[in-house]
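One letter stands for each residue in the lines below.
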Amino acid sequence: MMKRKAEKQQAAAPVSAFAARKARLQQTQTVVATEKTTHTELATEPPSKRPRRSLEETQPQLTPEDVPNKVAKRGTVKTEKVTQTTVGKGAKTQSRKTRDAVVDEIEDQSSSDESEEGVPEENAVVMAVPGTEDGYESPADTPALTIEFPLSKTRLNKNNIVYSDEHTLCVRIREKMSMVLIGHYDLWVKRGVVSLMGAKLHPSPRVYRVYAPSTHSLPVIKCVSGVDGAAEVEFKSCHSGIYRLRNLSHLYQRIWNGANSPADKLSLKQVEQGTRRTFSVLHTSADDPLKRHLRPLHLEKQWSAAIKTLSQRAGHLQVLVCGPKSSGKSTFSRYLLNHLLSPAPQTESNYYNTDGVAFLDLDPGQPEFSPMGQVYLAHLRSPIFGPQFTHPSLNNGRDGTIIRAHHIGATSPKEDPDHYVLAAVNLMEHYRALLATYPQCPLIINYPGWIFGLGLEVATYLVRSLGLSDVVYMSEKGPMEVVEPLQQAASTARIPLTILPSQPTEFVSRSSAQLRAMQMQSYFHMSQPNELNQPYWLEKPIFKTRPFHVRYAGPDQGIHGIMVLGSQISPDLLADSLEGTVVGIVAIESPKALPTPPPHPNQPPSADENEPTSDDVDTDVEMTSNPDDDQIPSESTSTIPTLSSLTTPTKENLPYLVPPPGTGTSTPLHPSHSTSLGLGLVHSINPTNNTIALSTPIPPSQLRQVLEKRQALVLVRGLIDNPNWAAAEEYVSAKAAERRARRALKPQSGAGDGEDEESRASLEAALARAKERVRRAKNVPFMTVVEDYGRRRQDEVERERRGGGLWKLRKKAVVEEESEVGY
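Residues numbered from 1 in each chain as written. Predicted model: local features only at pLDDT ≥ 70, side-chain atom pairs only at ≥ 80, totals over all residues. Heavy atoms only, no water.

Asks: A description of empty space enclosed by the protein should follow, citing residues and the corresponding values.
Replies: Across all of its chains, the model carries 3 cavities of 30 Å³ or more by this definition. Empty space within the largest cavity amounts to approximately 270 Å³. If you trace the largest cavity, you find 20 residues lining it, with Ile384, His391, Asp399, Gln534 and Pro535 closest to the centre. Sorting elements by how many residues they give to the lining of the largest cavity places strand 8 (residues 208–212) first, with 3 residues. Grouping the constituent residues of the lining of the largest cavity by class yields 9 nonpolar, 8 polar and 3 charged. Here the second largest cavity is characterised by a volume of approximately 100 Å³. Together, 14 residues line the second largest cavity, and His407, His419, Val586, Leu669 and Ser674 are the ones closest to its centre. Listing elements by their share of the lining of the second largest cavity, those giving two or more residues are strand 16 (400–407) and strand 28 (674–686). Take the lining of the second largest cavity: its biggest share by element is 3 residues, from strand 28. Residues belonging to the lining of the second largest cavity are distributed by class as follows: 7 nonpolar, 7 polar and no charged. (1 Å grid on protein atoms, 1.4 Å probe; cavity = no way out; pocket = protein on both sides within 12 Å on 5 of 7 lines; lining within 4 Å. Points joined across faces, edges and corners; volume = space filled by probe spheres on them. Helix = DSSP H or I, 4+ residues; strand = E, 2+ residues; numbered from the N terminus. Nonpolar A, V, L, I, M, F, W, Y, C, P; charged D, E, K, R; others polar.)

Set out below in structure tokens:
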């Protein structure tokens, strides 16, 4: 009835196609909300900026009857998955029990599993304690559109498939043609030259690991030159375990490849039916079985020209990349990094990169090779292919190492700009020390999106003082109150300023806060075995792993101090504020890193160990030397006693570094005499044994080396996001185990008399244990499990219907007050 009324209104007055479509969709949503239907429709995908220009031309082809049919065909999910869970009675066949482990891992990536992962069962919704969302992003408030977006220029056929099996696919790509894959795989260039995310890969025995999730634009593999007009590239499935993180967090679900695409079915004709690789070849976005918002990662022509110009400076390049938030700074820096690490053998300058590339990351909110809350200097030796959460740390010396890092304790440098500038200057000094060993090592500085107000002052100061060779600003739209000071600072330093167009993505499937949570979770679950060249991820919940028990008092003391950044915390509440939080683990190299206490009013001022003396100056660490030198400065032996004199024990005997009286906030450790080793998650504090249960991916050898140097270890609690992902891991893992137990029983429902009763009883017992595990996992702090169709669940269903879980980026071009600038 409402539909006919809407059609009469539309016929009465001429309206645009876009307005008519919007009205029809709003009326459809009203009808659905009135009927209170329980099925979930996955939102259709929004177009990119280019297809949206022709939206009005293609819109009149759609009729009111076609719109609901298309949506229902692509996005409808079975009602039973949301409203109830049916467990089949029966037994599991013995052949499923004895299936090969590798095949079982690949089967775990099926589209049916991915679809079920995205829908809560038994009306349960996990609601963790809300974190700080990015003020520039919000769920999409308009329905997304589905467009068949082209991805690959090469369509697989019998002529360009060299060979294929259940794990490997070798294809022939003609010159100037490209191919896009989703998933994760190992890439080997056999013939010709291909480009991938800025890197030019030549034939060699080297195999590159590539991660291409749907959370980011998919990397494009393009043939630059080939033998007989084509290049041969081999893709091979890899089992790094990163896809298992979907059993620990909903954020990792539906981001890898699902069921086989049409191209996969063609290349898997000769193998067993149902075989799946860890990657899929996509010709268009319509080939994706999960119908996600997929776009290729293309490089603007101006970006390519700028990268060519910058790379010609070779080892003399020292460039700072800055710009507004979501303008493509990280993407441009990654392209430039990969291009410098893999130059073509025949170049005009005949430059061969044997010294690697230094990467100075000053973005504590979304760092490239480190978890959030840190700034660092990294030395890279190999190109990197994948988003940040696929390389949250550099524990592998083959690809690169972290030279030095500093814990900022926040996702934005505006919390303490002075400490931020000191950290940046200290990292730059270590880069100059690195040049003594690697004189042809270029430098890339990634500056955060904090480019307004005080952030602009910091950026201009760094441009004038760091001795750079280039500055790149990633926005042609200004504003001029930002561009003019940068131009003036670059002119003062006598270096060129390059202004490039931004390349943002209007719709993303994960917000910035969610991407930070994914990177933090990946950081704590990633391991680097010595016998493997690539990292490996473990799917055991972090609170179920065995932590390190470190003493904070008494003999064999490992933690010598605890510092809290930001507002002052009462000593009686320190233990409660530490449990279940992420802390920075900082090594103090010299007493000069500690804050100088004010003189006592009843005591005359006297020189103590914390004040610099002539002996201290003589034994100070020389920044011109190699920072990796193992020489131990003599003053390090006095660090621990000096720190002990500044700490105040709490009732749990915790060594609390109390802020100076009257300040209310702690003075951060000086970057010139301290370094961050990484992050740790505090499980619990045992005052009886004076121990802290701590989980950290920092190698034990690194911690042991610090203690052998008699350097003090300090835990720093900052203002970074709470680890809500850690609180929900056990529940999500328990639900995943329950789903696996149900799938083991469901195919055997209604089996014949010859079924294996013993096997069925075993599977039913496993399902009962999984249900009990889910029940226990619900009763954890910092998490609420909603098991009814309350307002919260209805809002979630409505949001999924309108926006499909997509986030729309909203940027501010002009900022009137600094308080409005949310990094």
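Now that the structure is up, let's keep going.
Asks: Pulling in residues and values, what's your account of the nonpolar core?
Replies: One recurring pattern in soluble globular proteins: nonpolar side chains tend to sit buried together. With 53 residues, the main nonpolar core has Leu187, Leu201, Ile221, Phe235, Phe332, Leu336 and Leu380 as its most contacted residues. In terms of residue count, the dominant contributor to this core is helix 12 (residues 329–341) (6 residues). Residue contacts for Leu187: discarding those within four places in its chain leaves Leu196, Leu201, Arg206, Val207, Tyr208, Val210, Ile221, Val233, Glu234 and Phe235. Counting residues in each nonpolar core, the second largest holds 50 residues, with Met526, Val582, Leu654 and Leu715 among its members. (Core = buried A, V, L, I, M, F, W, Y, C linked by side-chain atoms within 4.5 Å. Buried < 20%, exposed > 50% of the residue type's maximum accessible area, 1.4 Å probe, protein only. Contact = heavy atoms within 4.5 Å.)

Asks: Outline the packing of helix 21 (residues 724–745) against helix 22 (residues 757–778), supporting the account with residue identities and numerical values.
Replies: With their axes 9 Å apart at the nearest point, helix 21 and helix 22 run at an angle of 160° to one another. Classed by the angle they form, the pair helix 21 and helix 22 counts as roughly antiparallel. Where helix 21 crosses over helix 22, the handedness of that crossing is left-handed. In contact with Glu730, Tyr731, Ser733, Ala734, Lys735, Ala737, Glu738, Ala741, Arg742, Ala744 and Leu745 of helix 21, helix 22 contributes Arg760, Leu763, Glu764, Ala766, Leu767, Ala770, Lys771, Arg773, Val774, Ala777 and Lys778. Here the residues of the contact of helix 21 with helix 22 sort into 12 nonpolar, 1 polar and 9 charged. (Axes fitted to C-alpha atoms, helices over the stretch in contact; angles between N-to-C directions. Parallel < 35°, antiparallel > 145°, perpendicular 65-115°, else oblique. Left-handed = near helix turned anticlockwise from the far one by under 90°.)

Geometry only, nothing functional implied.
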